[in-house]
Amino acid sequence: MKFNSIKEYFYKLNNLCYVITLVPLGIFILLYLKMQKGEIHVVVQKGEQVLIVQVAAFVLSAIALTIVHLVAKKKIKTYSKGLGLGDKMDKYYYLSLGRIMTGALASVVVAIGLLLTGSEIFSVFFLGILLWMTYQWPTPKRMCAELLLKGDEREMVLYKRESL
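Here's what I pulled together on the structure shown here. The structure presented is a predicted model; accordingly, all values stated were derived computationally and were not measured.

In this section: the pattern of salt bridges. Throughout the structure, instances matching the rule amount to 6 salt bridges. Salt-bridge contacts for Lys 12 lead to Glu 8; the nearest nitrogen and oxygen are separated by 3.0 Å. Note that Lys 12 and Glu 8 are positioned in helix α1 (residues 6–37) at a spacing of 4 residues, about one turn of the helix. One salt bridge in this structure joins Glu 153 and Lys 88, with 3.5 Å as the shortest N-O distance. On the criterion of sequence distance, the pair formed by Glu 153 in helix α6 (residues 151–159) and Lys 88 in helix α3 (residues 85–117) is long-range, its members being 65 residues apart.

Further remarks concern a nonpolar patch on the surface. Residues Leu 51, Val 55, Phe 58, Val 59, Ile 63, Ile 67 and Val 71 make up a contiguous nonpolar surface patch of about 610 Å² in total accessible area. If you trace the backbone, Ile 63 turns up in helix α2 (residues 47–80).

The phi dihedral of Leu 148 is positive, around 55 degrees, even though this residue is not glycine. Mapping Leu 148 onto the fold places it in the loop between α5 (140–146) and α6.

Its location among the elements puts Leu 16 in helix α1. Residues Leu 16 and Leu 97, spaced 81 residues apart in sequence, show a C-alpha to C-alpha distance of 7.9 Å. Discounting residues that sit within four places of it in the chain, Leu 16 has contacts with Tyr 93 and Leu 97.

This part is about the environment of Val 55. In this structure, Val 55 sits in helix α2. When the C-alpha positions of Val 55 and Ile 121 are compared, they lie 11 Å apart, and in sequence the two are 66 residues distant.

Quick reminder: α-helices carry 3.6 residues per turn. Residues three or four places apart thus point the same way. For α3, which comprises 33 residues, the first-to-last C-alpha distance of 48 Å matches the rise-based estimate of 48 Å (1.5 Å per residue) to within 8%. Positive phi shows up at Gly 118, right after α3, with a value of about 75 degrees.

The next point concerns the packing of aromatic side chains. For the coordinates displayed, the defined rule picks out 9 aromatic pairs. Judged by centre distance (4.9 Å) and plane angle (65 degrees), the ring pair of Phe 3 and Tyr 9 falls under edge-to-face. With a relative accessible area of 15%, Phe 3 lands in the buried category. Here Tyr 9 falls in the buried class, since its relative accessible area comes to 0%. Where Tyr 18 meets Trp 137, the ring centres are 4.9 Å apart and the plane angle is 40 degrees; that geometry is what we call tilted. Separated by 119 residues along the polypeptide, Tyr 18 in helix α1 and Trp 137 in the loop between α4 (121–136) and α5 bring together distant segments of the chain. By relative accessible area, which is 45% here, Tyr 18 ends up partly exposed.

Counting residues in each nonpolar core, the largest one holds 43 residues, and the members touching the most others are Tyr 9, Met 89, Met 143 and Val 157. Secondary-structure elements contributing two or more residues to this core are α1, α2, α3, α4, α5 and α6. Apart from residues no more than four positions distant in its own chain, Tyr 9 is found in contact with Met 1, Phe 3, Met 89, Tyr 92, Tyr 93 and Met 143.

Calculation criteria
- Residues numbered from 1 in each chain as written.
- Predicted model: local features only at pLDDT ≥ 70, side-chain atom pairs only at ≥ 80, totals over all residues.
- Heavy atoms only, no water.
- Salt bridge = Lys/Arg side-chain N within 4 Å of Asp/Glu carboxyl O.
- Helix = DSSP H or I, 4+ residues; strand = E, 2+ residues; numbered from the N terminus.
- Patch = residues over 30% accessible without salt bridge, like charges linked within 9 Å, V, L, I, M, F, W, Y side chains within 5 Å.
- Areas by Shrake-Rupley, 256 points an atom, 1.4 Å probe, with all protein chains shown as cover.
- Contact = heavy atoms within 4.5 Å.
- Expected span 1.5 Å × (residues − 1).
- Phe/Tyr/Trp six-rings, centres within 6.5 Å; stacked < 30°, edge-to-face > 60°.
- Buried < 20%, exposed > 50% of the residue type's maximum accessible area, 1.4 Å probe, protein only.
- Core = buried A, V, L, I, M, F, W, Y, C linked by side-chain atoms within 4.5 Å.

The structure is reproduced here in structure tokens:
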């Protein structure tokens, strides 16, 4: 990713993360409202099948989010040992986008579950995914902590001081 300053870096990163988050949020809200109005009819109606879809959506989402969290932690350890703040930030950028994209994909799985069953438990699942995405959100403070930045690098990132 090309950036001229740390301020521009976080501006671009946050804007992209917002877009990635808002698309599934809009889809989920639209589906939910249409389901409440009765414009969309559920496909799966039997109690056992609804439960299977609920468990499958929960398990798939939880596994995907856990794997991404663990893989990201492992990659961050190797990134923190690298040289050069610009290189670390570049790698962190793609890692952060990957985390947020996985959350968005998990929320699409939950939206499909809502579409299939009409069960309101998927709203709780969706809220849980949004909370996970909030926890994973890239901020200067989080970046400093994860990449183990110290001294001048930490100050540059935290206070978005000098251009690179």
